[in-house]
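# Chain and residue survey
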Amino acid sequence: MKLAIQKLRKSFGHQVVLDDVSLSLEKVHTLALIGPSGGGKSTLLRVIAGLERPDQGEVWLNDSQIVFQEKLLRGHRRTVGTVFQTFNLFPHLTAFANVTLPLEKVHEYTPQNARESATEILERFQLMEHAHKQPAQLSGGQRQRIAIARAVAIKPKLLLFDEPTSALDPEMTGEVLDLIEELREEGRDFVLVTHQMGFAHRVADQIAILSQGRIVECGPPLQVLDQPKEEVTKQFLSRILKY
Ligand SMILES: Nc1ncnc2c1ncn2[C@@H]1O[C@H](COP(=O)(O)OP(=O)(O)O)[C@@H](O)[C@H]1O
Ligand SMILES: [Mg+2]
């Protein structure tokens, strides 16, 4: 994808959360957003997803501008697949219905086409054996894999993942990261917020460090993670890698 963000500003009340964020990436498959808690990562992701409106600034995705007007945003939201840290699935529905519901209700699939697509994707992710279960009957890792399957099922042009493993045990983290890596190898485009530095290093082609609403540094992992230039980045990395 090509991603251009120009002077993006967003405040909540008096608090400036995105402070003139600019970023221009000609060609990127996986952009990892990294940085201290409260730095604005989720807000930036939600703006790109069309779930949050900026006060100022522009976002361009593959040369088309995201227009932050409700009617047009609805169309944009349909083209991105989102996965958050927790609470991704409808608790009263089976895993299968969690995948088919948006296909039918948002993407206007017939029930039969929705079932076929859900079956195909769950089979591909080896999740069919869990299809009849409700989220409470699944492990955290399985729940996130279902959430990812649901995000992929809509054939999005972009996947937006916000700390998809931070509520998981290490063992389950692995199974979710493996799935993300598989999707990455399929050539899908991602913007991913993560605290898993090893993973970010392996899968991201660009890393943006976001701190206090500003992008302090952006570049390939070998540069930003291994040879950070900015003090903020150095401090953040040493804090996160300490334990
Ligand atoms: N809907 C909201 N209303 C008010 N403040 C918010 C809202 N969303 C985020 N914030 C604030 O914006 C700041 C950045 O939050 P966030 O984007 O979630 O950062 P990060 O994901 O990097 O931890 C935080 O101080 C947070 O409390
Ligand atoms: Mg966040």
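Thresholds applied
- Residues numbered from 1 in each chain as written.
- Chains lettered and ligands numbered in written order.
- Predicted model: local features only at pLDDT ≥ 70, side-chain atom pairs only at ≥ 80, totals over all residues.
- Axes fitted to C-alpha atoms, helices over the stretch in contact; angles between N-to-C directions.
- Helix = DSSP H or I, 4+ residues; strand = E, 2+ residues; numbered from the N terminus.
- Parallel < 35°, antiparallel > 145°, perpendicular 65-115°, else oblique.
- Left-handed = near helix turned anticlockwise from the far one by under 90°.
- Contact = placed C-beta atoms within 7 Å.
- Nonpolar A, V, L, I, M, F, W, Y, C, P; charged D, E, K, R; others polar.
- Pairing = 2+ DSSP bridges.
- Core = buried A, V, L, I, M, F, W, Y, C linked by C-beta atoms within 7 Å.
- Buried ≥ 20, exposed ≤ 12 C-beta atoms within 10 Å, placed from the backbone.
- Domains from an automatic or database assignment.
- Near = placed C-beta within 6 Å.

## A few points about the packing of helix α3 (residues 95–105) against helix α4 (residues 111–124)
Contact geometry for α3 and α4: axes closest at 9 Å, N-to-C directions at 135°. When the axes of α3 and α4 are compared, the pair comes out oblique. In this structure, α3 crosses over α4, and the sense of that crossing is right-handed. Residues Phe96, Val99, Thr100, Leu103 and Glu104 of α3 pack against Pro111, Ala114, Arg115, Ser117, Ala118, Ile121 and Leu122 of α4. Of the residues contributing to the contact of α3 with α4, the split by class is eight nonpolar, two polar and two charged.

## Considerations on the sheet that holds strand β10 (residues 214–219)
The strand order β6-β7-β8-β3-β9-β10 describes an open sheet built from six strands, whose pairing is mixed. Single-partner strands in this sheet number two, and they are β6 (80–83) and β10. Across the sheet, the mean angle separating the axes of adjacent strands is 15° when strand polarity is ignored. Note that strand β7 (residues 158–162) and strand β8 (residues 190–193) share four bridges and pair parallel. Bridge pairing in β8 places Phe161 opposite Leu192.

## Things to note about the nonpolar core
Grouped together as the largest cluster of nonpolar side chains are 61 residues, with contacts concentrated most on Leu33, Ala149, Val191 and Ile207. By residue number, the principal contributor to this core is helix α5 (residues 140–153), which donates seven residues. Each of domain 1 (1–79 + 158–243) and domain 2 (88–156) contributes no fewer than three residues to this core. Dropping the residues within four chain positions of it, Ile207 is found in contact with Ala32, Ile34, Ala200, Cys218, Gly219, Pro221, Val224 and Leu225.

## Quick look at the pairing of β10
If a strand is regular, its side chains alternate between the two faces of the sheet. Bridge count between strand β9 (residues 206–211) and β10: five bridges; the pairing is antiparallel. Within β10, the position partnered with Ala208 by the bridge is Cys218. The turn joining β9 and β10, which pair antiparallel and follow one another in sequence, is formed by two residues; a positive phi near 50° is taken by Gln212.

## A closer look at the domain arrangement of the chain
On domain assignment, one finds that the chain holds domain 1 (1–79 + 158–243) and domain 2 (88–156). Relative placement of domain 1 and domain 2: their C-alpha centres are 25 Å apart. Of the residues lining the interface, 13 residues belong to domain 1; the matching set on domain 2 comes to 12 residues. Elements that contribute at least two residues to the side of domain 1 that touches domain 2 include exactly β7 and α6 (170–185). Of the residues in the side of domain 1 that touches domain 2, the class split is nine nonpolar, one polar and three charged.

## Regarding the environment of Leu158
Structurally, Leu158 is set in strand β7. The class for Leu158 is buried, based on 20 C-beta atoms found within 10 Å. Along the primary structure Leu158 and Leu103 are separated by 55 residues, whereas in three dimensions their C-alpha atoms are 16 Å apart. With sequence-adjacent residues up to four places away left out, Leu158 is seen in contact with Met1, Leu61, Val80, Asp189 and Val191.

## So, the site of ligand 1
The full set of residues close to ligand 1 is Phe12, Val17, Ser37, Gly38, Gly39, Gly40, Lys41, Ser42 and Thr43. Ranked by residues supplied to the shell around ligand 1, first place goes to helix α1 (residues 41–49) with three residues. Its residues assigned to classes, the shell around ligand 1 shows two nonpolar, six polar and one charged.

## A look at the sheet that holds strand β5 (residues 64–65)
What the four strands build is an open sheet, ordered β2-β1-β4-β5; its pairing is antiparallel. Looking at the sheet topology across the chains shown, the edges are occupied by β2 (15–25) and β5. Bridge analysis of strand β1 (residues 3–12) against strand β4 (residues 56–61) gives five bridges, and the strand direction is antiparallel. Across the sheet, residue Leu3 finds its bridge partner in β4, namely Leu61. Relative to β2, α1 is tilted by about 60°, and along the sheet it contacts β1, β2 and β4.

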